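What follows is each chain in one-letter form.
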Amino acid sequence: MSLHDDAVLVLKAYEDQEELRQTYLDHLAAHPDGMWKACEAGHLTASALVVDPSRGKVLLTLHKKLNMWLQMGGHCEPGDTSMEAAALREATEESGIEGLTLLDGGPVRLDRHPIPAPCNWHLDIQYVALAPAGAPEAISDESLDLRWFAYDEVADVADESVVRLTERARARL
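Bear in mind that the values here come from a model prediction, so they are computed numbers and not experimental data.

K.L.:
Could you give me a rundown of the packing of aromatic side chains, with the residues and numbers involved?
P.N.:
Across all of its chains, the model carries one aromatic pair by this definition. An angle of 75 degrees between the planes, with centres 5.1 Å apart, marks the rings of Trp69 and Phe149 as edge-to-face. Taken together, the residues span a long stretch of sequence, with Trp69 in strand β3 (residues 69-70) and Phe149 in strand β8 (residues 143-150) at a distance of 80 residues. As far as burial versus exposure is concerned, Trp69 and Phe149 are alike and both buried. Between the NZ or CZ atom of Arg112 and the centre of the ring of Trp121, over which it lies, the distance is 3.6 Å.

K.L.:
With reference to specific residues and values, describe unusual backbone geometry.
P.N.:
With a phi close to 50 degrees, Gln17 is a non-glycine residue in the positive phi region. In this structure, Gln17 sits in the loop between α1 (3-13) and α2 (18-30). Notably, Asn67 is not glycine yet its phi reads approximately 55 degrees, a positive angle. Structurally, Asn67 is set in the loop between β2 (57-63) and β3.

K.L.:
Describe the packing of α1 against α2, listing the residues and the values that go with them.
P.N.:
Taken N-terminus to C-terminus, the directions of α1 and α2 make an angle of 155 degrees; their axes are 10 Å apart at the nearest point. Relative to α2, the element α1 lies roughly antiparallel. Two packed elements cross with a definite hand, and for α1 against α2 that hand is left-handed. Side by side, α1 and α2 meet where His4, Ala7, Val8, Leu11 and Lys12 of the first sit next to Arg21, Tyr24, Leu25 and Leu28 of the second. The residue makeup of the contact of α1 with α2, split by class, is six nonpolar, one polar and two charged.

Parameters and conventions
Residues numbered from 1 in each chain as written. Predicted model: local features only at pLDDT ≥ 70, side-chain atom pairs only at ≥ 80, totals over all residues. Heavy atoms only, no water. Phe/Tyr/Trp six-rings, centres within 6.5 Å; stacked < 30°, edge-to-face > 60°. Helix = DSSP H or I, 4+ residues; strand = E, 2+ residues; numbered from the N terminus. Buried < 20%, exposed > 50% of the residue type's maximum accessible area, 1.4 Å probe, protein only. Lys NZ or Arg CZ within 6 Å of the ring centre and 35° of its normal. Axes fitted to C-alpha atoms, helices over the stretch in contact; angles between N-to-C directions. Parallel < 35°, antiparallel > 145°, perpendicular 65-115°, else oblique. Left-handed = near helix turned anticlockwise from the far one by under 90°. Contact = heavy atoms within 4.5 Å. Nonpolar A, V, L, I, M, F, W, Y, C, P; charged D, E, K, R; others polar.

These figures capture arrangement, not role.
As structure tokens, then:
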């Protein structure tokens, strides 16, 4: 199964954010290349909020290009076999944490946000990645900083999309 086909199945099974979910499905129907950065109409991305439920904290990265605290995530790659695999790969690469596992039940949110031309849009499928208790993190080349925040601290450092993702993650935990 192609990554494009997997994304369609994931979105069809997702039972929330109906209008946005349909926007993603329409995008994929209109753009066979809609999974890839080269698609100028926009492309799907995969991200994961890394959570340590035992400490009530989330791990955020200070994105090098955007200078914003965000969840781990990014572009799909040809070797990704599923949206879950892409999200887990991104979370592992950007957090440096080995042994992450995705929270059961599929994605917790969708978030569509503008990006600079020529790509125009990221259509992000967002998951929650559970960190093993006490697992050490390691900063990646894509980040200026990496830091654990208590759930109630996220609103003080991150934008509304990360706050909503954190709220959804807490509700699913």
